[in-house]
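Summary of the model geometry
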Amino acid sequence: MTEITVRSVELREVGLPLVRPFRTSFGEETEKRCLLLRVDAGDVTGWGECVADVEPRYGEEWNDGARVCLARFLVPSVLAGGPISDPAQVTERVRWVRGHRMAKAALEMAVLDAWLRAGGASLASYVGAVRERVPCGVSVGIASTVDAMLDEIHGYLAKGYRRVKLKIEPGRDVEVVGRVRDELPDTPLSVDANAAYTPADTPLFEALDELGLVMIEQPLGHDDLTDHARLQARLRTPICLDESIRNAHDAVAAVELGACRVINIKPGRVGGLLEATRVHGAARERGVPVWIGGMLETGIGRATNLAMAALPGVTMPGDTSASERYFHHDLTPPFVLDPDGTMAVPSGPGIGVEPLPDRLEASSSGIQLVERSAE
Ligand code: OSB
Ligand code: MG
């Protein structure tokens, strides 16, 4: 039985410029800024990435808040609990903290990485991966013109991406998507509204329903299920929920209510990999297709997402795109898309990748060490 003792956890913020601005209905980003955690467990080190952003726009958490929550509550609780022989102990030790799922997920990921490295096992094998390569899609930000969006899409299709997701917002929706559909009649297309609409927009979704989309992601409220159920009843196109699914309990409720027919799983959004596997299991039992979303992660979070994407029942291409789609220089050796639109799942111990020391150095700020407090 593998057992590790976490001695300290280092929190740092990293900033990586994006190759192009990423615009969604909730804002525009030109730089990826996130917390990176390094767990020191003596002989082994573990890495975890927090999917919170600079501001609480996609979800309720944000970088500075996640840092304080980790430094003050989550990390001390894990340190105080002593040796770890099962990663589920991390979940148990931080259960008393309500919410803060993105911060919890980052810590769980870093401890799990260290624990797996100590035992020489890969994350992919730990979660039950059944594939060595996974099909990948790409998420396309809102552009100032349809032509600019089409240029970007053609570039991605030439690289092999198997599904294109268009971000939409009120005023840039049916017309834009209709033009893309006209130009690309056979490309698997989806849209993601990031909760920008209300039930009053139902006619708009009925128009989108005519465009042969693979799915419509999170059209309505970020914490809603019932409005989505009413909308889904009027559409042939599956609704996919992202923001609304915070845990496996939500996933079951959403499916039973008919609020969605597809689920986007993001380990960071649901509080960690263990909960993500429960969301996956709940969906699979109910015959609901799932795929692995993304949050513009660096190579650290990307490695985790790719391991999840290799599970059975992950039947749709994920937002697990290549490093070059996001960054000129990733934190890790770059993840590369094969021309057939698939990417390799890391197979080394733990998450299978580590930050490159010079890249880490160049992109880090505000390094903080949290150690066990003297009793
Ligand atoms: O809603 O899926 C989303 C990025 C940041 C925050 C939310 C979302 C996204 C994406 C990009 O769509 C996915 C990716 O390529 O990482
Ligand atoms: Mg989404």
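Not measured: the values here are computed from a predicted model.

1. Quick word on the overall build of the protein
Helix and strand counts for the protein stand at 13 helices and 13 strands. Scaling as 2.2 N^0.38, a compact globule of 375 residues should have a C-alpha radius of gyration of about 21 Å, and the protein matches this with 20 Å. Over its C-alpha atoms, taken along the principal directions, the protein stretches across nearly 65 × 40 × 35 Å. Within the protein, buried positions represent 59% of all 375 residues. Put simply, of all contacts in the protein between residues at least 6 apart along the chain, 72% involve residues at least 24 apart. When the accessible surface of the protein is summed, it comes to about 14900 Å², and 50% of that surface belongs to carbon and sulfur atoms. Between the averaged position of the 40 positive side-chain charges in the protein and that of its 54 negative side-chain charges there is a distance of 2 Å.

2. Considering the site of ligand 1
Around ligand 1, a shell composed of 16 residues is seen, among which Ser 139, Lys 167, Asn 194, Leu 296 and Tyr 326 lie nearest. At 3.3 Å from an oxygen atom of ligand 1 is found a main-chain nitrogen or oxygen belonging to Met 295. Mapping ligand 1 onto the cavity grids shows that it belongs to the largest cavity.

3. Quick notes on the packing of aromatic side chains
With the rule as written, the count across this model stands at six aromatic pairs. Ring geometry for Trp 115 versus Tyr 126: centroids 5.8 Å apart, planes at 70°, classification edge-to-face. Taken together, the residues Trp 115 in helix 3 (residues 101–119) and Tyr 126 in helix 4 (residues 123–127) connect sequence positions eleven residues apart. On the basis of relative accessibility, which here comes to 31%, the residue Tyr 126 falls in the partly exposed class. Relative to Phe 327, the ring of Tyr 326 has its centre 5.8 Å away and its plane inclined at 40°; by these criteria the two rings are tilted. For the pair Tyr 326 and Phe 327, a shared accessibility class is recorded, and that class is buried. Over the ring of Trp 291 we find Arg 163, and its NZ or CZ is 4.9 Å from the ring centre.

4. Looking at the sheet that holds strand 6 (residues 164–167)
If you trace the seven strands from one edge of the open sheet to the other, you get 5-6-7-8-9-10-11, paired in parallel fashion. The sheet is open, and its two edges are formed by strand 5 (138–140) and strand 11 (290–292), each paired on a single side. Strand-to-strand twist in this sheet, taken as the mean axis angle between neighbours without regard to direction, amounts to 25°. Bridge count for strand 10 (residues 262–265) against strand 11 is three bridges, and the pairing is parallel. Within the sheet, the bridge partner assigned to Ile 263 lies in strand 11 and is Val 290.

5. Remarks on the pattern of salt bridges
Scanning the model with the defined rule gives 28 salt bridges in all. The salt bridge partner of Arg 12 is Glu 10, with a shortest N-O separation of 2.6 Å. Across the pair, Glu 10 and Arg 12 agree in class, each one buried. Measuring nitrogen to oxygen at the nearest pair gives 2.9 Å for the salt bridge that ties Arg 278 to Glu 275.

6. A few points about the domain arrangement of the protein
Domain boundaries assigned for the protein yield domain 1 (8–120 + 354–371) and domain 2 (125–344). For domain 1 versus domain 2, the distance between C-alpha centres works out to 23 Å. Taken together, the 39 residues of domain 1 in the interface contact 44 residues of domain 2. In total, domain 1 and domain 2 occlude about 3500 Å² of area from one another, counting both sides; carbon and sulfur atoms represent 66% of this. The three residues of domain 1 that bury the most area against domain 2 are Arg 23, Tyr 58 and Arg 101, which together make up 21% of that side's buried surface. Along the contact surface separating domain 1 from domain 2 lie two salt bridges. Scanning the region where domain 1 abuts domain 2 turns up 17 residue pairs in polar contact (both at pLDDT 80 or more). Elements supplying a minimum of two residues to the side of domain 1 that touches domain 2: strand 1 (8–24), strand 2 (27–41), strand 3 (44–49), helix 2 (88–94), helix 3 and helix 13 (357–363). Split into classes, the residues belonging to the side of domain 1 that touches domain 2 amount to 23 nonpolar, five polar and eleven charged.

7. Observations regarding empty space enclosed by the protein
Inspection of every chain in the model, using the stated rule, returns four cavities of 30 Å³ or more. In this structure, the largest cavity spans a volume of roughly 300 Å³. Counting residues per element, the ones that place at least two in the lining of the largest cavity are strand 1, strand 2, strand 6 and helix 12 (323–326). Looking at side-chain class alone, the lining of the largest cavity contains nine nonpolar, six polar and 13 charged residues. Split by domain, the residues of the lining of the largest cavity number at least three in each of domain 1 (8–120 + 354–371) and domain 2 (125–344).

Each value, and the rule that gives it
- Residues numbered from 1 in each chain as written.
- Chains lettered and ligands numbered in written order.
- Predicted model: local features only at pLDDT ≥ 70, side-chain atom pairs only at ≥ 80, totals over all residues.
- Heavy atoms only, no water.
- Helix = DSSP H or I, 4+ residues; strand = E, 2+ residues; numbered from the N terminus.
- Rg over C-alpha atoms; globule rule 2.2 N^0.38 Å.
- Buried < 20%, exposed > 50% of the residue type's maximum accessible area, 1.4 Å probe, protein only.
- Contact = heavy atoms within 4.5 Å.
- Areas by Shrake-Rupley, 256 points an atom, 1.4 Å probe, with all protein chains shown as cover.
- Lys, Arg positive; Asp, Glu negative; His and termini not counted.
- Charge placed at Lys NZ, Arg CZ, Asp CG, Glu CD.
- Near = heavy atom within 4 Å.
- Polar contact = N/O pair within 3.5 Å; in protein donor to acceptor, adjacent residues only side chain to side chain.
- 1 Å grid on protein atoms, 1.4 Å probe; cavity = no way out; pocket = protein on both sides within 12 Å on 5 of 7 lines; lining within 4 Å.
- Sits in = over half its atoms within 2 Å of the grid points.
- Phe/Tyr/Trp six-rings, centres within 6.5 Å; stacked < 30°, edge-to-face > 60°.
- Lys NZ or Arg CZ within 6 Å of the ring centre and 35° of its normal.
- Pairing = 2+ DSSP bridges.
- Axes fitted to C-alpha atoms, helices over the stretch in contact; angles between N-to-C directions.
- Salt bridge = Lys/Arg side-chain N within 4 Å of Asp/Glu carboxyl O.
- Domains from an automatic or database assignment.
- Buried area = accessible area lost by both parts, 1.4 Å probe.
- Nonpolar A, V, L, I, M, F, W, Y, C, P; charged D, E, K, R; others polar.
- Points joined across faces, edges and corners; volume = space filled by probe spheres on them.

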